[in-house]
Amino acid sequence: MIKNKEEINNRIKLSIQVCLNGLSFCILNFNTNEVIWFKKTEFPKEYNPVKILEKIEEIYNSEDILDRKFTEVKVLFSHDLYSMVPKEFFLEDEASNYLKYNTKILKTDVVAHDDLKEQDLITVYIPFTNITNYLFDKHGEFEYVHSVSVLIESIFSQRPISGTTVYLNNYKTYFDLVVVKDNELLLSNSFNYDTKEDFIYYLLFTAEQLELDPSDFELKLMGEIDIDSPFYKIAYQYIKNISFIKLDLHLKPQEYNAEKFQQEAFLLIKSMQ
């Protein structure tokens, strides 16, 4: 079927990030890099998949823009119910076994995996089937991935990484940590925290386990953290080589090029590019 000019010039994509403590939606015109709509909802505490679906339904019932037809729909699951497996050791029939030491798996749970081809890694994780079923009813076929897969691929797509760099993507009550040394992935893990002391403990404990000197490695931050954050301030007491990852996503309108937005919406945007 030949597509008309309007369809070619307006490739409209929807990306949804599903976290235990919130939701983010972004609609992007892929051809023009224009953010058509963005919505972020925070929960007062971590919700289970049933409660999260209730919130998703509320948003779909109140936002008419979500009723339109999209060129592509991408869903990112952000939680700690995942494990990274070298591709050479991965057996699809045994996928649940890679998770059983990290989390309790129910008989009704579906285990999915992402293939990180450039890194020869597999991300094994649990998608929330009640949410995927609901979104399938709304949009038909769509793609879902774990957000850490998008994070790792985005990190390695930037440039060869020499030396040791620690990437920390911060959320409201947890952070994803990716450690790269001489362009090789050393670690990818997620840590839940309640206080700034928990935050720095997990960061320094990881460095200790990997035998990294806090005075040597570079810490790059993204997500819900800025220079006035208590988490930034306590990290700076121990790690001096800290910076915020530089993003230049060339978005329209200009307001979406603000550093704070790009830090927080980085994975949503990258999943569509």
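What this report covers is the structure whose coordinates are included nearby. None of the values given here were measured: they were computed from a predicted structure.

Reading the values: the criteria
- Residues numbered from 1 in each chain as written.
- Predicted model: local features only at pLDDT ≥ 70, side-chain atom pairs only at ≥ 80, totals over all residues.
- Heavy atoms only, no water.
- Pairing = 2+ DSSP bridges.
- Helix = DSSP H or I, 4+ residues; strand = E, 2+ residues; numbered from the N terminus.
- Axes fitted to C-alpha atoms, helices over the stretch in contact; angles between N-to-C directions.
- Contact = heavy atoms within 4.5 Å.
- Parallel < 35°, antiparallel > 145°, perpendicular 65-115°, else oblique.
- Left-handed = near helix turned anticlockwise from the far one by under 90°.
- Nonpolar A, V, L, I, M, F, W, Y, C, P; charged D, E, K, R; others polar.
- Core = buried A, V, L, I, M, F, W, Y, C linked by side-chain atoms within 4.5 Å.
- Buried < 20%, exposed > 50% of the residue type's maximum accessible area, 1.4 Å probe, protein only.
- 1 Å grid on protein atoms, 1.4 Å probe; cavity = no way out; pocket = protein on both sides within 12 Å on 5 of 7 lines; lining within 4 Å.
- Points joined across faces, edges and corners; volume = space filled by probe spheres on them.

### Regarding the sheet that holds strand β2 (residues 22-29)
Across the sheet, which stays open at both edges, the five strands sit in the order β3-β2-β1-β4-β8 with mixed pairing between neighbours. Whereas interior strands pair on both sides, the edge strands pair on one side only; in this sheet they are β3 (34-42) and β8 (143-146). Averaged over all adjacent pairs, the angle separating strand axes in this sheet is 15°, with direction ignored. In this structure, β2 lies alongside β3, joined through eight bridges in antiparallel fashion. Its bridge partner being in β3, cysteine 26 is matched across the sheet by phenylalanine 38. Relative to the sheet, helix α2 (residues 49-62) contacts β1 (12-19), β2 and β3, its axis offset from that of β2 by approximately 40°.

### Describing the packing of α2 against helix α3 (residues 129-139)
Helix packing geometry: the angle between the two helix axes and the distance between the axes. Across the interface, α2 lies against α3 with an axial gap of 9 Å and an inter-helix angle of 20°. It follows from the interaxial angle that α2 and α3 lie roughly parallel. Two secondary-structure elements touch here, α2 through Pro49, Val50, Ile52, Leu53, Ile56, Glu57 and Tyr60 and α3 through Asn130, Ile131, Tyr134, Leu135, Lys138 and His139.

### Let's talk about the packing of helix α5 (residues 196-209) against helix α6 (residues 230-238)
Contact pair α5 / α6: the axes reach a minimum separation of 9 Å and the direction vectors enclose 45°. In this view, α5 runs oblique relative to α6, as classed from their interaxial angle. Between α5 and α6 lies a crossing whose hand is right-handed. Along the contact surface, α5 presents Lys196, Glu197, Phe199, Ile200 and Leu204, while α6 presents Pro230, Phe231, Ile234, Ala235 and Tyr238. Residues that form the contact of α5 with α6 fall into these classes: eight nonpolar, no polar and two charged.

### Details of the sheet that holds strand β7 (residues 121-125)
The strand order across the open sheet formed by three strands is β5-β7-β6, and the pairing between neighbours is antiparallel. The sheet terminates laterally at β5 (82-86) and β6 (112-116), the two strands that pair on one side only. On average, adjacent strands in this sheet sit at an angle of 20° to one another, irrespective of strand direction. Alignment of β6 against β7, held across five bridges, turns out to be antiparallel.

### Regarding the nonpolar core
The biggest cluster of nonpolar side chains holds 59 residues, and the ones touching the most others in it are Leu14, Val18, Phe25, Ile52, Ile56, Tyr60 and Ile131. Of the residues forming this core, the biggest block, six residues, is contributed by helix α4 (residues 147-158). Residues within four places of isoleucine 52 in sequence aside, it is in contact with Val18, Cys19, Leu20, Leu23, Phe43, Tyr47 and Ile131. Leu168, Phe191, Ala235 and Ile242 belong to the second largest nonpolar core, which has 23 residues in total.

### Considerations on empty space enclosed by the protein
Empty space among the atoms becomes apparent when a probe as large as a water molecule is rolled across them. One pass over the full model with this rule turns up two cavities of 30 Å³ or more. Taken as a whole, the largest cavity holds about 220 Å³ of empty space. For the lining of the largest cavity, the secondary structure elements donating two or more residues are β1, β2, β3, β9 (164-170) and α7 (259-270). Of the residues forming the lining of the largest cavity, the biggest block, six residues, is contributed by α7. The residue makeup of the lining of the largest cavity, split by class, is eight nonpolar, nine polar and five charged. Here the second largest cavity defines a volume of roughly 30 Å³. Taken together, Val166, Leu177, Val179, Leu203, Thr206, Ala207, Leu210, Leu212 and Phe217 make up the full set of residues lining the second largest cavity. Elements with a minimum of two residues in the lining of the second largest cavity: β10 (174-181) and α5. Here the lining of the second largest cavity takes three residues from α5, the largest share from any one element. Here the residues of the lining of the second largest cavity are counted per class, giving eight nonpolar, one polar and no charged.

### Comments concerning the layout of surface pockets
For the second largest pocket, the calculated volume is near 300 Å³. Contributing to the lining of the second largest pocket are 16 residues, with Lys74, Val145, Ser149, Val150 and Glu153 lying nearest its centre. Where the lining of the second largest pocket is concerned, the elements lending two or more residues are β6, β8 and α4. Here the element with the most residues in the lining of the second largest pocket is α4; it accounts for five residues. Looking at the lining of the second largest pocket residue by residue, the classes come out as four nonpolar, five polar and seven charged.

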